[in-house]
Amino acid sequence: MNRLDALKYFVVAAEVLSFKKTAAQFSVSPQVITRMIAELENDLGEPLFKRNTRSITLTDFGESFIPKAVHFLQEEQQLFGSSKNAKDELRGTVRITLPPYPFFDRILYQLLTALAPYPQINIEWRTDFEILKAVDDQIDIGIRISKTPNEHWIAKKIYVMQEPIVVSPKLITQTGLPKDIFELAQKFPVGNIFNSSTGKAWDWIIGDLPIPLVNPCVVTTDLKSLLQATLAGRIFAPIARQDCQHYLDSGELVVVFDNYENEIWSFYLYRPNQTITPKRVLLVYEILEKLLTESTT
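Cut-offs used in this document
- Residues numbered from 1 in each chain as written.
- Predicted model: local features only at pLDDT ≥ 70, side-chain atom pairs only at ≥ 80, totals over all residues.
- Heavy atoms only, no water.
- Buried < 20%, exposed > 50% of the residue type's maximum accessible area, 1.4 Å probe, protein only.
- Helix = DSSP H or I, 4+ residues; strand = E, 2+ residues; numbered from the N terminus.
- Right-handed = clockwise from strand over helix to strand, strands pointing away.
- Pairing = 2+ DSSP bridges.
- Axes fitted to C-alpha atoms, helices over the stretch in contact; angles between N-to-C directions.
- Parallel < 35°, antiparallel > 145°, perpendicular 65-115°, else oblique.
- Left-handed = near helix turned anticlockwise from the far one by under 90°.
- Contact = heavy atoms within 4.5 Å.
- Nonpolar A, V, L, I, M, F, W, Y, C, P; charged D, E, K, R; others polar.

1. Some details on the pairing of strand 3 (residues 92-98)
The buried fraction of strand 3 is high, at 5 of 7 residues. Read as a crossover between parallel neighbours, the route from strand 3 over helix 6 (residues 104-114) to strand 4 (residues 121-127) is right-handed. Bridge count between strand 3 and strand 5 (residues 141-146): 2 bridges; the pairing is parallel. What sits directly across from threonine 97, in strand 5, is glycine 142.

2. Here we look at the packing of helix 1 (residues 3-16) against helix 2 (residues 19-26)
At a minimum axis separation of 9 Å, helix 1 and helix 2 run at an interaxial angle of 130°. Relative to helix 2, helix 1 is oriented oblique. At the point where helix 1 passes helix 2, the crossing takes the right-handed sense. On helix 2, the residues touching Lys8, Tyr9, Val12, Ala13 and Val16 of helix 1 are Phe19, Lys21, Thr22, Gln25 and Phe26. Of the residues assigned to the contact of helix 1 with helix 2, the class counts are 6 nonpolar, 2 polar and 2 charged.

3. Description of the sheet that holds strand 7 (residues 165-167)
Pairing within the open sheet is antiparallel, and its 3 strands lie in the order 13-7-14. Looking at which strands have only one partner, the edges of the open sheet turn out to be strand 13 (237-238) and strand 14 (254-255). One ladder, built from 2 bridges, connects strand 7 with strand 14; its direction is antiparallel. Opposite valine 167, over in strand 14, you have valine 254 as the bridge partner.

4. Considerations on the packing of helix 1 against helix 3 (residues 30-44)
Packed helix pairs are specified by the crossing angle of their axes together with the interaxial distance, meaning the distance between the axes. Running from N to C, helix 1 and helix 3 cross one another at 105°; their axes reach a closest spacing of 9 Å. Taken as axis vectors, helix 1 and helix 3 run roughly perpendicular relative to one another. Counting all contacts with helix 1, which are made through Arg3, Asp5, Ala6, Leu7, Tyr9 and Phe10, the residues of helix 3 involved are Val32, Ile33, Met36, Ile37, Leu40 and Asp43. In terms of residue class, the contact of helix 1 with helix 3 is built from 9 nonpolar, no polar and 3 charged.

5. Focus on the sheet that holds strand 8 (residues 191-195)
Read across the open sheet, the 3 strands follow the order 9-8-12; overall the sheet is mixed. Looking at strand neighbours, the two that pair on one side only are strand 9 (200-201) and strand 12 (218-220), the edges of this open sheet. Summarising the sheet, strand 8 and strand 9 pair through 2 bridges and their orientation is antiparallel. By the bridge assignment, asparagine 195 is partnered in strand 9 with lysine 200.

So, in structure tokens, the structure goes:
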């Protein structure tokens, strides 16, 4: 039995003193009203109505139960009714996790600009290479690099990740160019992001092949710092196209190997696969999908 519906039926029936009229008001059969009221009485252990073939009247218990039922329904309306209001649904915090690529700074600016009509929506923007968990970390939306989306995600593939290995022309004048990617990793000044699980720099990944860096000159936890070290003429490094394209266009950086771009990973925008997703989360997800798609076209 749906006790909430049963209470609603009882309150109306107590007012109109007719199961038939109550049924018409809720667009159900009189048999449904009769059955639900009987089950409610059984749960309460007391009759709510006296019945005869022509009419129903409230019992003394039914009379005393009315204010309790009305109060409960009013509390339910306050608890759930307000959340059904569109304005109230578009308030609260949306927690977003994503890797700390510099080009996402612009996406954050655009997102907050798009959310100007919704000042009650708060954004937590958590940049980290660690994948935060939806339940433990209360994550609503994520942007992640992955070969395939997690089976528990509702995911949208945004674009294929490309990280050409780039260098400043002034460093080339000092070191020359390596004959291949393996010589570069072993004998030239290189750098990459710090891998907290190993305590060393991440390997370069070319296709499915990991290439360890023998003696990296710059290791950092910050992608912006890796880009700056490359621009300063200190290292060869893999930099995301979205972050280095401006410098490639200006000639401040050049691609070392055109055929060595990592294209096996993709950026996915995702949200946990949940039975109920708040409307504020759906709104932010839709805005992010639009912004990310436009940024890659």
